[in-house]
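Remarks on the overall topology
Residue-level listing of the chains:
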Amino acid sequence: MKVISYNLRKHRAATELEELVEQHGPDLLCLQECDVSALPDEIGGLTLADATQGNRLGLALYYRTNLFRLQDIRTIGLKKSLHDMMLKPAHERVLGVRLLDIDNGKELIVASFHAAPLTALNSLRRTQIRAALTELEMMGPGLPILMVGDYNYPVFKENLGQTVRDHGYALTLSDERTYTRYRVFKGHYDFATSDGFTIDRIETLPQRSSDHRPILVTADVA
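Below: a short report on this structure. Quick caveat, the model's predicted, so the values are computed rather than measured. (Residues numbered from 1 in each chain as written. Predicted model: local features only at pLDDT ≥ 70, side-chain atom pairs only at ≥ 80, totals over all residues. Heavy atoms only, no water.)

With that out of the way, let us pick up the nonpolar core. Judged by nonpolar contacts, the single largest core of 23 residues is most densely connected at Met 1, Val 3, Leu 28, Leu 61, Val 110, Leu 146 and Val 217. Sorting the residues of this core by element identifies β2 (28–35), β5 (57–63), β7 (94–101), β8 (107–114), β9 (145–150), β12 (197–204) and β13 (215–221) as the ones contributing at least two each. Sequence-distant contacts of Leu 146, that is, excluding residues within four places in its chain, are made with Met 1, Val 3, Ile 109, Val 110, Ala 111, Ala 192, Thr 193, Ser 194, Phe 197 and Ile 199. Counting residues in hydrophobic clusters, the runner-up holds 21 residues, among them Phe 113, Ile 145, Met 147 and Phe 191. (Core = buried A, V, L, I, M, F, W, Y, C linked by side-chain atoms within 4.5 Å. Buried < 20%, exposed > 50% of the residue type's maximum accessible area, 1.4 Å probe, protein only. Helix = DSSP H or I, 4+ residues; strand = E, 2+ residues; numbered from the N terminus. Contact = heavy atoms within 4.5 Å.)

Written out as structure tokens, the structure is:
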């Protein structure tokens, strides 16, 4: 299974999506910072499962209907940062779907995630990640879970890794840094947390018009 996760930088990189899907052939596409009102129903053979509706810039998830059958959808609100409360509230920071793999008849959960911005504390982002994973588990207890997206967590990943492991999940970084716009903030922002999946590889794709580089996750249900 191949999954692309991409922060579109306030929808600026939306024009790249058709080419991105055609070139890499993902089975799922998880987006952050997309203008949900401007999203097409299909991108390169992928069908829109759902998008968040709480604010203009949100999350979206596309999937291949010949591989998966959509079973359930959940948008999840998380504890807000001061930035969220004072400026542009982000009501929903997780979009999860429960899918049935048509070939093997097994279900799995995949989610697009966008953590609080860098103005927030790492401790808040760790709280958000724990809460997101707990909510996703409620979509199907015991099912494999893969959550990809913009974690906004460039430094001190030892604490994050321990938090994720304590929750029963694995944290997997991409092969290169995913955010390079500002020298002081360079780092791995976009990665995956998972349970019940074997992550074969996370490839960092070339940077274009977004301040994030898209990542291509290759994974199998364990």
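What follows picks up the thread again.
What follows deals with helix α1 (residues 17–24). Among all positions in α1, only Leu 17, Leu 20, Val 21 and His 24 are buried. Around the axis of α1, the buried residues are gathered within 95 degrees of arc, so they sit on the same side. Across from the buried face of α1, at angles greater than 90 degrees, the exposed residues are Glu 22 and Gln 23. The secondary structure elements touched by the buried residues of α1 are β1 (2–7), β2, β3 (42–43), β4 (46–51) and β13. Looking one or two places after α1, you find Gly 25, whose phi comes out positive at around 60 degrees. (Arc of directions from axis to C-beta.)

This paragraph deals with the sheet that holds β3. Two strands in a sheet stick together by hydrogen bonds in their backbones, pointing the same way (parallel) or opposite ways (antiparallel). Taken together, seven strands build an open sheet; the order of strands is β3-β4-β5-β2-β1-β13-β12 and the sheet is mixed. Every interior strand has two partners, whereas the edge strands, β3 and β12, have only one. The sheet contact formed by β4 and β5 spans four bridges and is antiparallel. The partner of Asp 50 across the bridge, within β5, is Leu 61. Strands β1, β2, β3, β4 and β13 of the sheet are contacted by α1, whose axis makes an angle of about 155 degrees with β1. (Pairing = 2+ DSSP bridges. Axes fitted to C-alpha atoms, helices over the stretch in contact; angles between N-to-C directions.)

A few words on the packing of aromatic side chains. For the structure shown, the criterion picks out three aromatic pairs. Arranged with centres 4.3 Å apart and planes meeting at 20 degrees, the rings of Tyr 151 and Phe 191 form a pair that is stacked. Of this pair, Tyr 151 sits in the loop between β9 and α4 (157–166) while Phe 191 sits in strand β11 (residues 190–195), and the two are 40 residues apart along the sequence. Of the two residues, Tyr 151 and Phe 191, neither departs from the other in class, the shared state being buried. An aromatic cluster is present here, built from Phe 113, Tyr 151 and Phe 191 joined pairwise through their rings. (Phe/Tyr/Trp six-rings, centres within 6.5 Å; stacked < 30°, edge-to-face > 60°.)

Time to look at the sheet that holds β7. Reading across the sheet, the six strands line up as β6-β7-β8-β9-β11-β10 and stay open at both edges, with mixed pairing between neighbours. Because the sheet does not close on itself, it has two edges, and the strands there are β6 (68–76) and β10 (170–172). Within the sheet, the average angular offset between the axes of one strand and its neighbour, ignoring direction, is 20 degrees. Relative to β9, β8 runs parallel, the two sharing six bridges. Across the sheet, residue His 114 finds its bridge partner in β9, namely Asp 150. Contacting β6, β7, β8, β9 and β11, helix α3 (residues 122–137) crosses the sheet at an angle of about 140 degrees to β9. Across the sheet, α4 touches β10 and β11, and the angle it forms with β10 is around 140 degrees.

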